[in-house]
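# Per-entry structural report
What follows is the residue order along each chain.
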Amino acid sequence: MIAAAIEASVFFQLVGILVLASIIGLISVKLKQPLIVAFIMTGLLVGPDALNLVGEQDKETVETLAQFGIALLLFMVGLKLDLGIIKQTGAVALLVGIVQVAVTFLLGFLICMALGLAPVEAGFVGLALAFSSTIIAVKLLSDRRSIDSLYGRIALGILIVQDLLVILATIVIAAITGATEGQDFQNLDYMAVFLKAFMLIAATVLFIRYAAKPITHMLARNTELMVIFCISFAVLVAAISEYLHFSKELGGLIAGIALASTPYNNVIAARLTTLRDFMLLFFFAHLGAHIHLDGILDNLFTALVLSVFVLVLKPVIITVIMAALHFRKRTGLLTGITLSQISEFSLVLAAMGLGAGLLDEEILKLVTLVGLITMALSTYGIVYSGQIYIFLEKHFTYFRRSDKKYREEREQSDLQHQYDVLVFGLGRYGEVMARLFREQGYNVLGVDFDPDVIRKAQHDGIAAVYGDAADPEFAAHLPLQHAKIVVFSFHHYMTGPLITDLRRTLANVLRENGYKGHIAATTHHPEHDKDLPKHGIDVVLDPFEGAAFHATEQMVDILKREA
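The paragraphs below set out a description of the structure included in this document. Sequence positions are assigned chain by chain, starting from 1 and proceeding in written order. Only residues with pLDDT of at least 70 are given local features in this predicted model, and only at 80 or more are side-chain atom pairs given and counted; all residues enter the totals for whole chains, interfaces and linings. Hydrogens and water are ignored here; the side-chain numbers use all heavy atoms of the structure.

### Considering a nonpolar patch on the surface
This is how the line gets drawn: In this scheme, patches are assembled from residues that exceed 30% relative accessible area and form no salt bridge. Like charges are connected within 9 Å, while nonpolar side chains (Val, Leu, Ile, Met, Phe, Trp, Tyr) are connected within 5 Å. For accessible areas, the Shrake-Rupley method is used with a probe of radius 1.4 Å. Any residue's cover is judged against the shown protein chains and nothing else. For this analysis, a salt bridge means a side-chain nitrogen from Lys or Arg found within 4 Å of a carboxyl oxygen belonging to Asp or Glu. Secondary structure is summarised from DSSP: a helix means a run of H or I of at least four residues, a strand means a run of E of at least two, and numbering begins at the N terminus for each.
A cluster of nonpolar side chains, namely Phe 11, Phe 12, Val 15, Val 19, Ile 23, Ile 27, Leu 31, Leu 377 and Tyr 380, defines an oily patch on the protein surface of about 830 Å² accessible area. Contributing elements (two or more residues each) for the nonpolar patch: α2 (10–30) and α17 (361–383). For the nonpolar patch, the leading source of residues is α2, giving 6 residues.

### Thoughts on the side chain of Lys 314
Note the threshold: Each residue's exposure class comes from its accessible area (1.4 Å probe, protein chains only) as a fraction of the maximum for that residue type: buried when under 20%, exposed when over 50%, partly exposed otherwise. Any N or O atom pair separated by 3.5 Å or less is treated as a polar contact, with the protein-specific requirement of one donor-capable and one acceptor-capable atom, and with residues adjacent in sequence counted only for side-chain atom pairs. Between two residues, a contact is recorded if the distance between any of their heavy atoms is within 4.5 Å.
With respect to the helices, strands and loops of the structure, Lys 314 is situated in helix α14 (residues 300–324). Residue Lys 314 is classed as buried on the basis of its relative accessible area of 0%. Within the local environment of Lys 314, its side chain forms a polar contact with the backbone oxygen of Phe 131, the two atoms lying 3.1 Å apart. Beyond its immediate chain neighbours, meaning those up to four positions away, Lys 314 contacts Gln 100, Thr 104, Leu 129, Ala 130, Phe 131, Ser 132, Phe 309, Leu 339 and Gln 341.

### Digging into the nonpolar core
Within soluble globular proteins, side chains that are nonpolar generally end up buried alongside one another. Note the threshold: To define a nonpolar core, start from buried Ala, Val, Leu, Ile, Met, Phe, Trp, Tyr and Cys residues and group those joined through side-chain atoms within 4.5 Å.
Within the largest apolar cluster, 69 residues are counted, with the highest numbers of intra-cluster contacts made by Val 125, Leu 129, Phe 283, Phe 284 and Val 367. Ranked by residue count, the leading element in this core is α17, at 11 residues. For Phe 283, the residues in contact, after removing those within four places along its chain, are Ala 66, Ile 70, Leu 347, Val 348 and Ala 351.

### Describing the environment of Glu 60
Its place among the elements puts Glu 60 in helix α4 (residues 59–79). A relative accessible area of 62% means that Glu 60 is categorised as exposed. Sequence separation of Glu 60 and His 286 is 226 residues, and the distance between their C-alpha atoms is 9.1 Å.

No statement about biological role is implied by the geometric values presented.
Set out below in structure tokens:
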């Protein structure tokens, strides 16, 4: 009865897809997996060889929703093409990003050829292996509060570079797709293609120059209308792009880039994130409707080999490249682990190749399987990245060596001076504390993992260095000989089950390295931190209580003067 109702109604089929996605999503959350993994599994289960929730007569409906989802996804990628992130991390992100994509693509291509894939197939798969998931990396970096760390910023910069390269790949594939849909590729009128591309680019530039900011400023007072405009703008440009024999994907990207320069780009992205995730579900449902599970395990060995390449060798490639640029092995490895999965765009590019007739369904199955494996396992790799580095440092000599240039820079840095007070965390609380100590005549060294905060502190005359509180190697080299007090004013977030609290961990490291002075640490829950003295923290600071006490004193003085 239920099966008949589902088969007879598009509405019931969509309900079935959403309910299934919710159930699998709940399981994924329990397993600490990103929702993309749940969406891919949902897509495979609604396919013809499983639950068959997308019948032949209804594939067009799901395909239309899938096209909306991809247009929105690429619109938001274009919207977040913030070249300022690359500027902040200098040439590092640009150089590492380009070299990493090139090396990963080349090695992936050679491995695919060795595994028996045809050159065109090997090229597509190698390209799919080169890109990493922006959604997964940004989500987990945000959850771990590492998005402003040095490795977090470099990872974001590399992802931006990858997004730019995705645009180039999309343009090439879009041109081929348009050619195969409309005419023979070998007889393609290249002048017409370049003319259409020039018109599209020129129109985008004119829109950015004269229309983007005025329109978004006018719509800013009504957020609902802003969302409707952005969605309609994204699909309109996608439709124009397809009319010009490019692709909807390219149009979505261009629409996002056209609004990226407006001051409302972050607001737009925040408003559309949930809708994007919802629409992406139908993209994976559409993929699943075209994938037959009966042969997916035939590619299991190839998928496992390629997954090991992405999960193990890709981080090593990034670590080696960054080590050559004189970054510490820990920074390079954490960056590499953050990028140790293939991208959602890898599936998009494979789907575009399938639509263009350049790939067959088996390659789409292969890329999907690699995506499932790497996205699932890299999540745990990112969560336990600190423990992975500690393990490698103990068992591999390469990770125990520090770069010569890094040591020379460190010997010439502020770490060689003598300080009375060290303040870890130069946020609003720590920065004021460091400034007040300095005004009282004490030599103060600030430590933070946000390069912008470091630059601001140095500009204000406070000696400050980059440092990660979770890095025991850095803590062991701090100038503690003359320090009388060390203050922890950073957010004491969890970094995994083996490191319960950075305050306790860092205090233990300092004591183990012979520090005998006072250690002060902030707390937001004094009732849960009664054991801090056992870890060598002899001064516990409650910022809220202190602020309330100071504010009350001020107001009492006012009342006394008016009495």
